[in-house]
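Here is how the chains run, residue by residue.
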Amino acid sequence: MNANKLRASRLRFGLVTCLVCTGLAAATPTPPTVSADDLARRVHALVNTERKKAKLPTLAWNPALAAIATNHSRDMAERNYFDHNSPEGRDFEQRYAQARFDCAVHAGKIIWTGAENIALARLYNSSRRVNKVVTYDWNTPADIARMTVEGWMQSPGHRKNILTPHWGQQGIGVVIAAENRVLVTQNFC
């Protein structure tokens, strides 16, 4: 197996996407400290960088949307699913309503009620066992944020959400879950 395949990191999104990672951290047995709030802010900044490249206004951080996003990421982590809809079939609009968050963005004759992106990443890219000792190629928070946004930008539906001109705000919720999974939900209004 070549070195690039060993470095391959799979990220799953609402629309299936795979990425190959570059610039890996050193292999160590101990994971780096990753703050969910810091990671959410990094994703927020990178999304706004993509919007600036497209000559679109940046998105303001909305704490209510971030709370809705965090609750969805937590639900996916705790109940071990990965989907825009909960196992009961509840989507982002129902989560907005449950949180009493009203999103009504007027764009011409259309009223937009929000949008959502989700991503599943890992704290590490690969692991290896040498003399019964497992070491991991851990991702830094910057790596995880970059791979998440790059994955969304390579997915037509997620890219469209990020580059939709009428959105003015976003909230991002990150949960670091069992098995080194990182669940990211991004909500727009």
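### A few points about helix α2 (residues 36–53)
Between its first and last C-alpha atoms α2 spans 26 Å; for 18 residues at 1.5 Å apiece the expected length is 26 Å, and the two agree. Along α2, the positions that sit buried rather than exposed are Leu39, Ala40, Val43, His44, Val47, Asn48, Glu50 and Arg51. Looking at the buried positions of α2, the neighbouring elements they touch are β5 (60–61), α5 (141–154), α6 (156–162), β11 (169–177) and β12 (181–188).

### Some words on the pattern of salt bridges
What the rule picks out here adds up to eight salt bridges. For the salt bridge of Arg79 with Asp75, the shortest nitrogen-to-oxygen distance reads 2.8 Å. You can see Arg79 and its partner Asp75 sitting in helix α3 (residues 63–79), four residues apart, about one turn around the helix. For Arg146, the salt bridge is made with Glu150, and the minimal N-O distance between the two is 3.4 Å. Here Arg146 pairs with Glu150, and both are found in helix α5, just four residues apart, close to one helical turn. Judged by relative accessible area, which is 36%, Glu150 ranks as partly exposed. Residues joined in a network through salt bridges with shared partners are Asp75, Arg79 and Glu88.

### Some thoughts on the packing of α2 against α5
At a minimum axis separation of 9 Å, α2 and α5 run at an interaxial angle of 45 degrees. The angle between α2 and α5 places the two elements in the oblique class. Seen along the crossing, α2 lies across α5 with a hand that is right-handed. Residues Asp38, Leu39, Arg42, Val43, Leu46, Val47 and Glu50 of α2 lie in contact with α5, whose contacting residues are Pro141, Ala142, Ile144, Ala145, Arg146, Val149, Trp152 and Met153. A breakdown of the residues in the contact of α2 with α5 according to their chemical character gives 11 nonpolar, no polar and four charged.

### Digging into the environment of Arg122
Looking at the secondary structure, you find Arg122 in strand β8 (residues 115–122). Using a relative accessible area of 29% as the deciding quantity, one classes Arg122 as partly exposed. Put simply, Arg122 and Asn139 are 17 residues apart on the chain and 7.9 Å apart in space, counted from C-alpha to C-alpha. At 2.5 Å, the side chain of Arg122 and the backbone oxygen of Glu179 are in polar contact.

### Quick notes on the nonpolar core
Note that soluble globular proteins tend to have their nonpolar side chains buried in a common cluster. In terms of nonpolar packing, the biggest core is built from 34 residues, with Trp152 and Val182 touching the most fellow members. When contributions to this core are tallied by element, the ones reaching two or more residues are α2, α3, α4 (92–98), β8, α5, β11 and β12. Apart from residues lying up to four places away in sequence, Val182 is in contact with Leu39, Ala119, Leu120, Ala121, Arg122, Leu123, Ile144, Val174, Val175 and Ile176. Judged by nonpolar contacts, the second largest core, of nine residues, contains Ile118, Val175, Ala177 and Leu183.

### Examining the pairing of β12
Burial within β12 is extensive, with eight of its eight residues counted as buried. Residues Arg181, Leu183, Thr185 and Asn187 point to one face of β12 and Val182, Val184, Gln186 and Phe188 to the other, with burial holding for every one of them. Direction of pairing for β8 relative to β12: antiparallel, over a ladder of eight bridges. Its bridge partner lying in β12, Ile118 is registered against Thr185. Where β11 meets β12, eight bridges bridge the pair, whose relative direction is antiparallel. Bridged to Gln170 within β12 is Phe188. In sequence, β11 turns back onto β12 through a hairpin of three residues, with Glu179 there showing a positive phi of about 60 degrees.

### Focus: unusual backbone geometry
For Lys132, which is not a glycine, the phi torsion comes out positive at approximately 65 degrees. Structurally, Lys132 can be placed in the loop between β9 (124–130) and β10 (133–138). A positive phi angle, near 60 degrees, is found at Glu179, a position not held by glycine. Mapping Glu179 onto the fold places it in the loop between β11 and β12. Classification of Glu179 as exposed rests on a relative accessible area of 62%.

Conventions used here
- Residues numbered from 1 in each chain as written.
- Predicted model: local features only at pLDDT ≥ 70, side-chain atom pairs only at ≥ 80, totals over all residues.
- Heavy atoms only, no water.
- Helix = DSSP H or I, 4+ residues; strand = E, 2+ residues; numbered from the N terminus.
- Expected span 1.5 Å × (residues − 1).
- Buried < 20%, exposed > 50% of the residue type's maximum accessible area, 1.4 Å probe, protein only.
- Contact = heavy atoms within 4.5 Å.
- Salt bridge = Lys/Arg side-chain N within 4 Å of Asp/Glu carboxyl O.
- Axes fitted to C-alpha atoms, helices over the stretch in contact; angles between N-to-C directions.
- Parallel < 35°, antiparallel > 145°, perpendicular 65-115°, else oblique.
- Left-handed = near helix turned anticlockwise from the far one by under 90°.
- Nonpolar A, V, L, I, M, F, W, Y, C, P; charged D, E, K, R; others polar.
- Polar contact = N/O pair within 3.5 Å; in protein donor to acceptor, adjacent residues only side chain to side chain.
- Core = buried A, V, L, I, M, F, W, Y, C linked by side-chain atoms within 4.5 Å.
- Pairing = 2+ DSSP bridges.

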